[in-house]
Every structure is written in structure tokens, then in C-alpha cells.
Amino acid sequence: MIAIIDYDAGNLSSVKKALASLGKEAEVTRDIQKIVHADRVILPGVGSFGTAMDMIKKYGLDRAIYEVVEKGTPFLGICLGLQLLFEGSEESGGVEGLGVLPGRIVKLPEDAGLKIPHIGWNSLTLQNEGRLFTGIAQQPYVYFVHSYYLQAEQEQIVKAVTSYGATIHASVERQNVFACQFHPEKSSRIGLQILDNFTNVQGGV
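Just so we're clear, the structure is a prediction, and the values are computed from it rather than from any experiment. Along each chain, residue indices are assigned from 1 in the same order as the chain's sequence is written. Only residues with pLDDT of at least 70 get local features here, since the model is predicted, and only at 80 or more are side-chain atom pairs given and counted; chain-wide, interface and lining totals rely on the full set of residues. Only hydrogens and water are set aside; all other atoms, that is, all heavy atoms of the structure, feed into the side-chain values.

As a further point, take the overall build of the protein chain. We count a stretch as a helix when DSSP gives it H or I for four or more residues in a row; a strand needs E for two or more, and each element gets its number in order from the N terminus. Within the protein chain, the regular secondary structure consists of six helices and twelve strands. By principal-axis analysis of the C-alpha atoms, the protein chain measures approximately 45 × 40 × 30 Å. Carbon and sulfur atoms provide 46% of the accessible area of the protein chain, an area that totals close to 8700 Å². Each accessible area is a Shrake-Rupley result for a 1.4 Å probe, and residues are judged covered by the shown protein chains and nothing else.

Along strand E3 (residues 40–43), one buried face is formed by Arg-40 and Ile-42 and the opposite face, lined by Val-41 and Leu-43, is buried too. Relative to E3, strand E1 (residues 2–5) runs parallel, the two being bridged by three bridges. Within E3, the residue paired with Ile-4 across the bridge is Ile-42. Burial classes follow relative accessibility: with a 1.4 Å probe on protein chains only, a residue under 20% of its type's maximum area counts as buried, one over 50% as exposed, and anything between as partly exposed. In this scheme, strands are said to pair when DSSP sees at least two bridges between them.

The subject of this paragraph is the pattern of salt bridges. Note on pairing: side chains with opposite charge can pair once their charged atoms come close. Definition used for salt bridges: Asp or Glu carboxyl oxygen within 4 Å of a side-chain nitrogen of Lys or Arg. Counted by the stated rule, this structure contains six salt bridges. The salt bridge involving Glu-27 is made with Lys-34; its shortest N-O contact spans 2.8 Å. On the basis of relative accessible area, Glu-27 is assigned to the partly exposed category, the value being 26%. With relative accessibility at 36%, the residue Lys-34 sits in the partly exposed group. Through salt bridges that share partners, Asp-6, Asp-8 and Arg-30 make up one connected network.

With that settled, the discussion passes to the sheet that holds strand E12 (residues 177–180). Whenever strands of a sheet pair, they do so through backbone hydrogen bonds, lying parallel or antiparallel. Spatially, eight strands are ordered E2-E1-E3-E4-E12-E11-E10-E7 in an open sheet, and the strand pairing comes out mixed. A strand with exactly one partner marks an edge of an open sheet, and here the two such strands are strand E2 (26–29) and strand E7 (125–126). Looking at chain direction, E1 and E2 are connected through four bridges and run parallel. Bridging from a neighbouring strand, Ile-5 pairs with Thr-29 of E2. Set on the sheet, helix H6 (residues 188–200) makes contact with E1, E3, strand E4 (75–78) and E12; between it and E3 the angle comes to about 140°. Between two residues, a contact is recorded if the distance between any of their heavy atoms is within 4.5 Å. For helices, the fitted axis covers only the stretch in contact; all axes are lines through C-alpha atoms, and the angles between them, taken along N-to-C directions, range from 0 to 180 degrees.

Here we take up unusual backbone geometry. That bond from Ile-116 to Pro-117 is cis: its omega, 10°, falls within 30 degrees of zero. Here Pro-117 shows up in the loop between strand E5 (103–107) and strand E6 (118–123). For Glu-129, which is not glycine, the phi dihedral falls at a positive 50°. Looking at the element boundaries, Glu-129 is found in the loop between E7 and strand E8 (141–146). Relative accessible area serves as the criterion here: at 76%, Glu-129 is assigned to the exposed category. You will see that Gln-175, though not glycine, has its phi angle at about 55°, which is positive.

This brings us to the layout of surface pockets. Remark: the empty space left among the atoms is shown by a probe the size of a water molecule rolled over them. In this model, the largest pocket occupies a volume close to 190 Å³. Together, 13 residues line the largest pocket, and Gly-47, Cys-79, Val-145, His-146 and Ser-147 are the ones closest to its centre. Of all the secondary-structure elements, those providing two or more residues to the lining of the largest pocket are helix H5 (80–84) and E8. Residue type decides the class: Asp, Glu, Lys and Arg count as charged, Ala, Val, Leu, Ile, Met, Phe, Trp, Tyr, Cys and Pro as nonpolar, and the leftover types, Gly among them, as polar. Within the lining of the largest pocket, the residues separate by chemical class into six nonpolar, six polar and one charged. Both site types are read off a 1 Å grid over the protein atoms alone. A 1.4 Å probe that fits but cannot get out defines a cavity, while an open set with protein on both sides within 12 Å along at least five of seven lines defines a pocket; lining residues have an atom within 4 Å of a point. Grid points are joined across faces, edges and corners, and a volume is the space filled by probe spheres set on the points.

Right, let's get into the packing of aromatic side chains. Ring geometry is summarised as follows: Phe, Tyr and Trp rings, the Trp one being its six-membered ring, pair when their centres sit within 6.5 Å, and such pairs are stacked at plane angles under 30 degrees, edge-to-face over 60 and tilted between the two. Taken as a whole and assessed by the stated rule, the structure comprises three aromatic pairs. For the ring pair Phe-144 and Phe-182, a centre distance of 5.8 Å and an interplane angle of 70° mean the geometry is edge-to-face. Here Phe-144, found in strand E8, pairs with Phe-182, found in the loop between E12 and H6; they are 38 residues apart in sequence, far enough to count as distant. The exposure class assigned to Phe-144 is buried, which follows from its relative accessible area of 0%. Taking the relative accessible area as the measure of exposure, Phe-182 reaches 0% and is therefore buried.

This is how it looks when you write it as C-alpha cells:
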């Protein structure tokens, strides 16, 4: 079973629906035992970094996430879920993220003449042999909705980048932890293939 973590951040049903279209059983839950014992775990989300961290801690989900990661269970963060895995965000100064991966979340530059938030389709440049992109050719188009973006500390964990006024680290992977700034559940055939690839990766740290 795939656990989709519910911390009142929205965008959960579309992830469950996308997985169902792939024939995968998923449950939206904040039950810590179900999350810890799931075969795979997904942390989606849209909204404010600071509010999201407050809700994760309110429900004790931070402890569950750390346990899942330590166990080697495949874990996927989507959009805000990617951002929360890192150390902090300019959106909510002083609020610590989960710190599972090293890096910071920064605001998209306003001086580039581009609309913020960034909403729409961008192509990805794939690199470093990301397992989420198995069988996917270079420059696939995926769907973004965000105002802040990742600057990862470790270049080798970055598996896809895109450009929108800055070089955006659009997908990362380290051991059993995967994350996408874009929304695979809203990215048509390519997005479904990415989700399918996630459901087929092996666990372990």
C-alpha cells in the first residue's frame, strides 16, 4: 500500500487518482502506523512552508517521516513536499524544514520579467541517471506551480533541472528519498510514467 500523507496541505486526491489510474492502491492518511508500515510513502502539498511545517509537527508526522526515511522505504516529495524535505525556506524565515536533504528553498527572481508564481509547462534537462526518469527521453515537459525553488547543496543528488529566471533543481534523489518540484500527477503521460517508476523502485538505504 502507498501512504499519501495528509497534513491539511491539499492536492492529495489528484495524487491518489493518478496512482489509481496506474492500478496502484493508495490511502490518504495521517495515521502514523499506516505511514510507517506502508510499502511507499508520498508527501504532496501546496501552500505555505511555515504553515505546512506547523501542521506536520502538530500531527507528529515529522517523526513518521524520519522513521520511513531511516527504514529505507521509498519516499516521494511533490512540490511543497519537496521543499519541506530541505533545511528551510525564504518563504518562512526562521522556520526549519525537515532537513532530510541539504539545501535551501529560495524565491524565484522577480527581476527576470517572468510571472510569479511560475504556473505552466517546462521541459526538464535530465542528469545523473535519476531512477524516476527511467525510460524517459531528454526534455520531457512537466507541470509546475510554485513561487520558490530548490538550491540543493549536493549537485549529485539533482536528477533534473529547468530554467525559469534561474536554474531550478526540479528533481532530486538520494538513496530511498525522491522529490519533484513539479506535479507528476498533473503532467499527463510523462507524469504517470514518473509515478509508475517510483512505485517500482526498490527500497533500502
